[in-house]
Amino acid sequence: MLKNKKIVLGITGGIAAYKCAELVRRLKEQGCEIKVVMTESAKHFITPLTMQAVSGEIVSDSLLDPSAEAAMGHIEFAKWADLILVAPATSNIIAKMAAGIADDLLTTLLLATPAKVAIAPAMNQQMYAHPATQANLSTLAQRGVDIWGPGKGEQACGDIGAGRMLEPSELVTLCTAPAEPQLLAGKTITITAGPTREPLDPVRFISNHSSGKMGYALAQAAVELGAKVNLISGPVNIAAPRDVSVINIETAEQLLQHSLAHAVNSDAFIGCAAVADYRAANIADQKMKKQGDELTLTLVKNPDVIAAVANLDHKRPYTVGFAAETQNVASYAKGKLSNKNLDMICANDVSKSGLGFNSDHNALTLYWHDQQKELVIDTKYALALNVMKELAQRL
Ligand code: PMT
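Residues numbered from 1 in each chain as written. Predicted model: local features only at pLDDT ≥ 70, side-chain atom pairs only at ≥ 80, totals over all residues. Heavy atoms only, no water.

Across the sheet, which stays open at both edges, the eight strands sit in the order 12-11-8-13-16-17-18-19 with mixed pairing between neighbours. If you trace the sheet from one side to the other, it starts and ends with strand 12 (244-248) and strand 19 (372-379), each paired once. The mean inter-strand angle of the sheet, taken between neighbouring strand axes irrespective of direction, is 20 degrees. Sheet topology places strand 8 (residues 188-193) next to strand 13 (residues 268-271); four bridges connect them, and they run parallel. Bridge pairing in strand 13 links Thr-192 to Gly-271. The sheet strands contacting helix 13 (residues 329-339) are strand 16 (318-325), strand 17 (344-349), strand 18 (361-367) and strand 19, and the helix crosses strand 17 at an angle near 150 degrees. (Pairing = 2+ DSSP bridges. Helix = DSSP H or I, 4+ residues; strand = E, 2+ residues; numbered from the N terminus. Axes fitted to C-alpha atoms, helices over the stretch in contact; angles between N-to-C directions. Contact = heavy atoms within 4.5 Å.)

Right, let's get into the site of the ligand. The local shell around the ligand holds 28 residues, among which Ser-210, Gly-271, Lys-336, Asn-348 and Asn-358 are the closest. Ser-210 has a polar side-chain atom sitting 2.6 Å from an oxygen atom of the ligand. Here a nitrogen atom of the ligand sits 3.0 Å away from a polar atom, N or O, in the main chain of Pro-303. When isolated, the ligand has an accessible area of 770 Å², and the protein chains bury 95% of it. One can see that the ligand is located within the second largest pocket. Of all the secondary-structure elements, those providing two or more residues to the shell around the ligand are helix 10 (213-224), helix 12 (305-310) and strand 16. Among the elements that line the shell around the ligand, the one with the most residues is strand 16, at four residues. (Near = heavy atom within 4 Å. Polar contact = N/O pair within 3.5 Å; in protein donor to acceptor, adjacent residues only side chain to side chain. Areas by Shrake-Rupley, 256 points an atom, 1.4 Å probe, with all protein chains shown as cover. 1 Å grid on protein atoms, 1.4 Å probe; cavity = no way out; pocket = protein on both sides within 12 Å on 5 of 7 lines; lining within 4 Å. Sits in = over half its atoms within 2 Å of the grid points.)

Written as structure tokens, this is what we have:
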């Protein structure tokens, strides 16, 4: 079973573009469906006609082409793909991707896609080694873009060093990596993610720094392992993973209502949302006006969502919590495991810079009542996959 069956190949303007005909031919031999997008400069190195002949599809090269938009709009195009591979990826496209520029079809698709994105850098070795290029590559890697290559060796310009695009056969192997084993096939998992917002008045709220990245990574990993996933999400700025059913909420009370409704139909429930522990006792109907030097707010306790799920009498799912701690991580996490009646808890030390809230990386310690396991620093997606594999053994 192929993981990346539908591939958009984005060709940019580098000499290695001539290898793309071979790349497409080999991907098609493996059973992939390919759509080719070319930048203007790519067309100086290989013609759209050649790419159309090998891919068997019209090549797309313009964002503002009414007939192409009528056939498949660019957002639909971005959603069609399982994988967007940019090969060759010049220093220019890498810089544009890092900056989030969308000034042509390819860069727009790259921003609009929920699919996996991979790039195969190809450029002069000096350009590749430049701190600007290295910083851009590191930004993209932190955002979860796969960086395939470059290879080392003699370059078209005569230089020797790192900057050669990987060979088509190597790229085909990376594109067609088998799908993850379907360890969660037939299972339904409900995951909460992001912050809650507790209103104070029509324009203000209490919230926290959760970006939703950890919870969304869990949802993505669960889908990769074959689960049906409900993602109950607070307000975040990230795209939902493909094939995930998203329920948007704002407050802890809304989170409770939707969590209970989905939990009873789920094999597992994972509470990764950063739920505000308190909300305003009274929400002002109108914007509160400034009065005096101090303001005292009366807050009341929010429901404990995960404890409510873990204490269901009927149809209780396997219940996994998260513990975000800044001190005494192990003892606080174990306390929550017991007090909330959870089956498992994933503890993260959110005092460490670059980890936890609103970052692309994390480190977790998983606790059960009788054992524990360390997951060292990694991307949130890699950690999520490990969490899901542990969960799969217990369902
Ligand atoms: O979203 P990111 O930016 O990627 O950051 C990820 C994260 C740090 C938010 C995530 O990894 C995490 O730790 N999530 C849980 C945050 C949290 O609220 O922890 P807590 O220790 O306060 O709560 C413990 C558990 O009880 C959690 O499963 C929480 O969802 C749940 N809870 C808490 C309070 C409440 N009223 N209801 C709850 O269900």
